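As a plain string of letters, each chain reads:
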Amino acid sequence: MAAVNKRDGLESSKPGELHTQLAQKLGIDILGRKWLPGDILPSEVDIANTYAISRPAVREAIRTLAAKGMVEPRRRRGTCVTERAKWNMLDPDVLSWMFATKPDETLVKNLFEMRLILEPAAARLAAQRRTDAHLEAMSNALKIMGRETLLTEVGLQADIDFHAALMAAAGNEQLGALNASIGATVALSNRYKIAHDILGRDPVPAHMAVYEAILNRDAEEAHWCMQYLVRLAVKDLLHMDAIEDLRTETIIP
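Calculation notes
Residues numbered from 1 in each chain as written. Predicted model: local features only at pLDDT ≥ 70, side-chain atom pairs only at ≥ 80, totals over all residues. Heavy atoms only, no water. Buried < 20%, exposed > 50% of the residue type's maximum accessible area, 1.4 Å probe, protein only. Helix = DSSP H or I, 4+ residues; strand = E, 2+ residues; numbered from the N terminus. Core = buried A, V, L, I, M, F, W, Y, C linked by side-chain atoms within 4.5 Å. Axes fitted to C-alpha atoms, helices over the stretch in contact; angles between N-to-C directions. Parallel < 35°, antiparallel > 145°, perpendicular 65-115°, else oblique. Left-handed = near helix turned anticlockwise from the far one by under 90°. Contact = heavy atoms within 4.5 Å. Nonpolar A, V, L, I, M, F, W, Y, C, P; charged D, E, K, R; others polar. Phe/Tyr/Trp six-rings, centres within 6.5 Å; stacked < 30°, edge-to-face > 60°. Salt bridge = Lys/Arg side-chain N within 4 Å of Asp/Glu carboxyl O.

## Description of unusual backbone geometry
Thought 1: The phi dihedral of Ala-52 is positive, around 55 degrees, even though this residue is not glycine.
Thought 2: A relative accessible area of 52% places Ala-52 in the exposed class.
Thought 3: With a phi angle near 55 degrees, Arg-217 is a residue other than glycine that sits in the positive phi range.
Thought 4: Tracing the backbone shows Arg-217 in the loop between helix H10 (204–215) and helix H11 (219–237).

In structure tokens form, the structure reads like this:
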């Protein structure tokens, strides 16, 4: 029987998993500004009592948050929420916590600005450096997306695979290191749109245009098509009530 605390919703059939759930809960609260930079979190004992878990599990959860730059211990004060500039905003867990509730307007804007900076440039490089293997991976992903749609896990994974193949085709190890973060952003924004019935238009044609430009080694066209693809994605996302005040021109001139 899973251990459930009615006050907080932590649930797991394995005690060792509770620290992960607690880190997620605290991380979401920090991102949601329940605690602001400079605030001191409740004590280890208080957190353990509140969430009905062991103090070692609390310590492990705090270590997880500290590794992501979100908190740090302060001698004789306790655990302090750090300045946002220290947070690892590209950590896949942190990205998932952003979309666990209504995403913060600034965070969403920043994520898509990052994609607009990185992915069109990667597409330009991919058009110049792609191999037959990269083309095959992108083509297979497109076929699956068209057949399964983004309403299925298989289709969602194919979308991630397309972007991963494109980043690999760019032939830049530093860009490649960002692949997990890009993939997480793509997946989480898609899942959020599905959950809130704002998926919008069929994304396959825009992806196909990127693929064809890379296939034809047209670097400028690849850059433009990827920029267009990201802009379509953010336009769909901006329909949600959570960020209704954020205008597309702040990201899309």
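## A word on the nonpolar core
Thought 1: Residues Leu-22, Leu-166 and Ile-214 are the most contacted members of the largest nonpolar core, which totals 70 residues.
Thought 2: At 12 residues, the largest contribution of residues to this core is made by helix H5 (residues 105–129).
Thought 3: Judged by nonpolar contacts, the second largest core, of five residues, contains Met-145, Leu-150, Leu-156 and Ala-158.

## Quick notes on the packing of helix H1 (residues 18–31) against helix H3 (residues 55–67)
Thought 1: For the pair H1 and H3, interaxial distance at closest approach is 8 Å and the crossing angle is 50 degrees. Taken together, the axes of H1 and H3 lie oblique to each other. Relative to H3, H1 is oriented so that their crossing is right-handed. In this structure, H1 uses His-19, Leu-22, Ala-23, Leu-26, Gly-27 and Ile-30 to contact H3, whose residues at the interface are Ala-57, Val-58, Glu-60, Ala-61, Ile-62, Thr-64 and Leu-65.
Thought 2: Of the residues contributing to the contact of H1 with H3, the split by class is nine nonpolar, three polar and one charged.

## Some thoughts on the packing of aromatic side chains
Both the distance between ring centres and the angle between the ring planes are used here to describe each pair of aromatic rings.
Thought 1: Taken as a whole and judged by the stated rule, the model has one aromatic pair.
Thought 2: Plain terms: the ring middles of Trp-224 and Tyr-228 are 5.4 Å apart, the flat faces sit at 5 degrees to each other, and that makes the pair stacked. Here Trp-224 pairs with Tyr-228, and both are found in helix H11, just four residues apart, close to one helical turn.

## Details of the pattern of salt bridges
Thought 1: Using the criterion set out here, one finds 13 salt bridges in the structure.
Thought 2: Ionic pairing is found between Arg-124 and Glu-220, a salt bridge with its closest N-O pair at 2.3 Å. Pair noted here: Arg-124 is in helix H5 and Glu-220 is in helix H11, with a separation of 96 residues, a long-range link.
Thought 3: We classify Glu-220 as exposed; its relative accessible area is 51%.
Thought 4: Where salt bridges share partners, they join Lys-25, Asp-29 and Lys-34 into one cluster.

These results come straight from atomic positions and should not be treated as a statement about function.
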